[in-house]
Structure formats: C-alpha cells, structure tokens
Amino acid sequence: MSAPATSGVALPDAFGGAIRTWRIIGVAALVLAILGAFAVLALLFVALYAHDYAPLLVSGLVTAVLAVVGIVSVFVVLAKQSDQRNALSDALTLGGHPGVDVRRLQAGRPVPSPQGVELRLRREKDDAGAPWLLVDAYAYAPRPTA
C-alpha cells in the first residue's frame, strides 16, 4: 500500500471511518430517542386511562437506552477526533512542521506553518482503496499590492 502523491505529509486515515460510523449511530439514536420521548408522552395518557403501564415502561426504557447510546456516541466521536488530531500533529512534527495547529486544518483551507509555507489538508484513497490524510505544503501566494 503506497500513499498518494503529496508535497507534505501522508498519513493513513485510521479514524475517519470510525468517526463517520459513530456520528451516524449517534444521530440516529438521538433522533429515535426524541421520537421515543414523544411516544412516552402519548402513552402516558393512555396508560393513565387504561391502568396498563407495561407499554409505558417498555417505551420509556427503550427511549432511555437510545438516549444513553446517543450520548455515548458523542463522547466516542470526540475521543476519535482527538486521536486523529494527535496522530496528524505527530506526523506533521516528524515531517518537519512542528507547531502547526491541526484543529485549524480543514480540507481546502490553507493554514500557515512556522516554516514559511501554507499547509492544506486533503483526503484521498490509494490504489487499494484505503483512505489517506494528505497535507500538502505550498509556498505562500504573493500578496496583491494596490
């Protein structure tokens, strides 16, 4: 597996798929938990009238579990993003760009490096289909003078 061509740093994207997966799980769980909360409210009136609390209890427990899964997924996404930033920061430091704020690196937006170049993040797949994070280094564009 060889990295796609770059003028800077290439890093296998080990966290991108997990971040996307947990984000989808979290959004789905929280949306279902909100819908479940409305269902619990509707079942509350039915349960009070019919004196049958089993459906209310079951739907309340399912809603609580979905809410917990959604909250846990938020923390997992934050942890994975932090791990990805740490790996990218380490790769940039080893690649000769120490001190770059990796939180500012976004696809297509240049970030200044203390070494006098602009760094741009891009995502690509190699020939085998594995995802890579690539940081390209460009010389500063000349500033227009008026």
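Structure: see above.
Reading guide: rules and limits
Residues numbered from 1 in each chain as written. Predicted model: local features only at pLDDT ≥ 70, side-chain atom pairs only at ≥ 80, totals over all residues. Heavy atoms only, no water. Pairing = 2+ DSSP bridges. Helix = DSSP H or I, 4+ residues; strand = E, 2+ residues; numbered from the N terminus. Contact = heavy atoms within 4.5 Å. Axes fitted to C-alpha atoms, helices over the stretch in contact; angles between N-to-C directions. Buried < 20%, exposed > 50% of the residue type's maximum accessible area, 1.4 Å probe, protein only.

Trainee: Any details on the pairing of strand β4 (residues 131-139)? Residues and values, ideally.
Mentor: In this sheet, β4 lies alongside strand β1 (residues 9-12) in antiparallel orientation, the contact comprising four bridges. Bridging from a neighbouring strand, V9 pairs with V135 of β4. Counting the residues in the hairpin turn of strand β3 (residues 117-125) and β4 gives five residues, including G129, whose phi is positive at 90°.

Trainee: Describe the sheet that holds β3, naming the residues involved and giving the relevant values.
Mentor: Reading across from one edge, β1-β4-β3-β2 is the order of the four strands in this open sheet, with antiparallel pairing throughout. Among the strands making up the open sheet, the edge pair consists of β1 and β2 (111-112). Judged from the two bridges that link them, β2 and β3 form a sheet pairing that is antiparallel. Across the sheet, the residue bridging to V111 is L119, located in β3. The strands touched by helix α2 (residues 54-94) are β1, β3 and β4; relative to β1, the strand with the most contacts, the crossing angle is about 145°.

Trainee: Describe unusual backbone geometry, and please don't skip the residues or the numbers.
Mentor: Here the phi dihedral of H51 falls at roughly 55°; this positive angle occurs in a residue that is not glycine. A residue is classified by how much of its surface remains accessible, and H51, at 61% relative accessible area, is exposed.

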